[in-house]
Amino acid sequence: MEPRSPVVGRDAERELLVSALHDSATGTPRAVLVAGEAGIGKTRLVADVADDAAADGHLVLWGHCMRFGAESSPYLPIGQVLTQWHRTAGPQERRRVLAGAAALSTIAPALGGTAGTAHPDGTSRLIPLTGAVVDRITEEKPLVLVVDDLQWADATSLDLLAYLISGFAPARRLALLATFRDTDLEDGHRLHGWLADMLRLPGVATTRLERLDLQDTEHLVSSLRGGTGIGRLSHDVFERSEGNPYLTEVLVRSNGERTTSAATTDLSTVLLASWHRLTPQARALMQWLAVGGRPVRFADLEQVAAGIADDRFRTCLEEARAEGIVRLVAPGVVWFHHPLLAEVIADTMGPGELRTRHARYVDVLEAVSEDVAADTPDHSRAAHLALHHEGAGHTDEALRWSLLAADAAERVRAFAEATEHLQRVCRLWPEASDRARAAAGERVPMLTRASDSARRSGDHLAAVRLREEAVSLVDARAEPELAVELSLLLPWLRVSSGLDDMVRQTTFRDMLSLLEGRPSSSAKAQVLAHASYLARWDGAPDAARLAERALAMARDLGSERTLAHVMSATSLLRVGAPESLAAIEEAVALAWRIEEPRLIGMAEFCRADALYELGRATEAADQSLAAFRRMVERGWFHDAAYGLSATPALYLCTLGRWPEARAQLRELLGRRQAPRPASWVRSVAAVLAFRAGEADLARTHLTRSLELASGPPALGELSLLAVLEQHAFDGGHERVLDLVEAQLPEAVGASPAVAEDLLVRAARAAGELASFRGHRSDAGRRLHRMESRVAPERGWFARRSREDHVSPALRCVYAAERARCQDDRGPLVGLWSAAEVACAEAGLPWDRALACYHLGQALLERHDRSGAAGALRTAASLATDLGAAPVVADVHALAAQAHLCLDRPAPASDRDGAQWPTLTHREREVLAHVVAGRTYAEIADVLVISPKTVSVHVSNLLRKTDTANRIELAALARRA
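Residues numbered from 1 in each chain as written. Predicted model: local features only at pLDDT ≥ 70, side-chain atom pairs only at ≥ 80, totals over all residues. Heavy atoms only, no water.

- Per an unreviewed UniProt entry, the chain goes by AAA family ATPase and derives from Nocardioides donggukensis.

### Topic: the environment of R799
Here is step 1: Checked against the element boundaries, R799 lands in the loop between α41 (776-789) and α42 (806-820).
Here is step 2: For the pair R799 and R211, spaced 588 residues apart in the sequence, the C-alpha separation amounts to 68 Å.
Here is step 3: Not counting residues up to four positions away in its chain, the partners in contact with R799 are D804, H805, S807 and P808.
Here is step 4: Among the polar contacts made by the side chain of R799, one reaches the main-chain carbonyl oxygen of D804 at a distance of 2.5 Å. (Helix = DSSP H or I, 4+ residues; strand = E, 2+ residues; numbered from the N terminus. Contact = heavy atoms within 4.5 Å. Polar contact = N/O pair within 3.5 Å; in protein donor to acceptor, adjacent residues only side chain to side chain.)

### Some remarks on helix α48 (residues 921-931)
Here is step 1: Turning to α48, its buried residues number three or more, namely E923, R924, V926, L927, A928, H929 and V930.
Here is step 2: One or two steps after α48, the chain reaches G933, where phi turns positive at roughly 85°. (Buried < 20%, exposed > 50% of the residue type's maximum accessible area, 1.4 Å probe, protein only.)

### Side note on the side chain of S719
Here is step 1: As for its placement among the helices and strands, S719 is situated in helix α38 (residues 718-730).
Here is step 2: Ignoring sequence-local partners within four residues, the contact set of S719 consists of S683, L702, S705, L706 and P713.

### Concerning the sheet that holds strand β1 (residues 30-36)
Here is step 1: Read from one edge to the other, the open sheet built from five strands follows the order β2-β3-β4-β1-β5, with strand pairing classed as parallel. The open sheet has two free edges, formed respectively by β2 (59-64) and β5 (204-208), since each of these has just one partner strand. For this sheet, the mean inter-axis angle between neighbouring strands, taken without regard to orientation, is 15°.
Here is step 2: Pairing geometry for strand β3 (residues 143-148) and strand β4 (residues 174-181), over five bridges, is parallel. In the strand pairing of β4, L145 is matched with L176.
Here is step 3: The strands touched by helix α1 (residues 11-25) within the sheet are β1, β3, β4 and β5, with β1 carrying the most contacts at an inclination of about 160°. (Pairing = 2+ DSSP bridges. Axes fitted to C-alpha atoms, helices over the stretch in contact; angles between N-to-C directions.)

### Describing unusual backbone geometry
Excluding glycine, residues mostly have negative phi values, and the peptide bonds linking residues are mostly trans.
Here is step 1: With phi around 60°, F797 is a residue other than glycine that occupies positive phi space.
Here is step 2: Its place among the elements puts F797 in the loop between α41 and α42.

### Comments concerning the environment of E694
Here is step 1: Secondary-structure assignment places E694 in the loop between α36 (675-692) and α37 (695-708).
Here is step 2: For E694, a relative accessible area of 36% gives the class partly exposed.

As structure tokens, this is what we get:
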């Protein structure tokens, strides 16, 4: 291992890292992101801590991000991590960890399988598959995963790291340490958004390394000089380095030579001075290495630098190593000690010299044997060659290899990297020869493909820019259909990316005007469909007529693709009517048949929405979740995330299937998305976190959701539900009533199910307000005002289908909450009993737990302690199973106030018989209930015997155990 200089002046930062590793080793995963300028010692500090962790039994795996081709090399650091693990793992461990993970050989060929071959069973799931492999590795020993120079990470690797972090859960022995150069993050850098998302997740911390002071610099200089002869040197070095540790080290290594004035000294200048101290041949070799752009094999470097004699090659490398310029990163592989060296040395060459050297790399890399090339993933090799061809000025070859790299990236579903390659194709296209252009295809389709790839990567801003460029190249008067087809997606992309706050109907009316007088076409049918959808939301009277025209035109054209587009766009018009579900099912089937992921997402959302509107919540959850998983398995994550988004998780949350909801949210939170869909996901995560009592996490999600949204919470935005949940959690019941009253009129016309959900939230808020002295009458008046102003034609909470059990349940909950606002509280027991039964039938455990809690309150007001205890035990059991901590706390607080015991009796067992051989089975049953604090009446109800019989059994228990009373009896049983 290459020797490293000591780490000084980093006690607090070291403690943070050590603490994170300790937590992870004991089952609490942690991530620490270490920031700072170049040369500040980020990598050195992390390596020092990681070495200590390795000595303590942790497995430490490193991945390095590279500046050269950083935008277009998917999974680069992750492939390094997996390869490093594979080299150290034994055969049995490899089989265990890699079971079912053959597809990972596409990003780390060393793992086995056919390098570069897309595995149909796995390449679409590389991120969760890598997550599963990492989890299996941590089963053997604690894992420290280090990713260096995160500012150069490719988008897909950032998605994978986000997936790992968002999946932090107890018992997972994983620590993720990452370094990044925060001074290199220009406006719009992808790491800004990634950091904003990650730092809001639990278990994630960041620290920034500052420059050393004079005392720490003296300590570092003394350590580097062996504790001798520092004298004036440390002050001189500090004056020139200004506390930058790596600059200090370089200056000390050069014995403080003043190759530049103190006023002009910076890290780049001093690094260049260290290069100048090399012999001419060693300097030339370092230039060849810098042009390589990433760690280079000895054999390749020796070939590209053919002008250096064989006997001098190793000598030059050793000279550079002794000067601290290069290091071995793997057996037979060399790279710079500090990545900034590659940059400053590359800058010593002029354009002509760079072109020559890139051309030489092309010759060597294209001549590499198949067995050596097999160690590099197809997408990485193609990307590398494309960049070297571009650097060599080989426009045609750069274009060809960029297309090959885009194809290879798409095969592993690395759409962000594919977009980079396609954008390079579009940039090179005007300069390429006619022959190369003909082979690549026309520029407008290429821009469209790049836009679609950007959309599928979640970068909707780039998708807008590329599609607008494509539209600008089309003469709308000469080719109106093509201009319109290219423009159809733009309004929606502009909204999802946050450029616009809404899609306006006039946009599509203008498109219709452009096609006025033109014959029927796919473009015209699609414009009619989009116009009908927007007309419906605007309440325009011609919405249905536009939809009918669109459908008739699509059927006349006889194109399945056009019909699928039209039916998907008009599906929302049919939501709410049972007879229209068949048409929506047809749209879903058509979208799947033509395998158009964007349409599939849209149609599947409409089907889920339609099922939920019909009260078929379980079907809505199951089908939408199945569709989401199926789309992700096909590699259509971003279409699933935009079309279905967190809809399945929201339904699952309502149905009490919280682990499934969290699993889907983890997948969504772990991937980069456009602002609007990312806001939806955060909102649902906030709702679930509030209900689970994770207030800090919930507020973090909600804050980020509102940042990502383009405006304040409004109807149709999931952030509205999250805000309502926050106000309810914080006791802001009047604010809940204000928001619901403002949104309810629009909701009645748009979605009965949404309107009824809002009304139930208002009723709960009014009920809570009514429990405070002086607020009961006002709460009741506000609720009555909402009912009277926006009464739907069919009445509130009417059953919407034969399978609808949700609406009757909500009707019962609403009636009970409404009664809390009345002076006559007599009916409450019956109303809450009915609500509890209805919620159980509808499969709404959270609502049922609340109903049982309020039933317990009502029974206590009637002095029915036995009934109240039973209701509160059911509420506690339901809430505990869910993980609804606030409800659990409320239930136990009420029970404590009423002096009720909620402990459940332990079932009688054979062990009880051995401890109490003289007791009958019935006596052991009674004893279990006594220990649980049950009254005679409660025991009699459960065991279906009379209270007098219970009394007889208790007397026998006292006699047989030689105890004086029930308290002594219970204490004796607990000790036993």
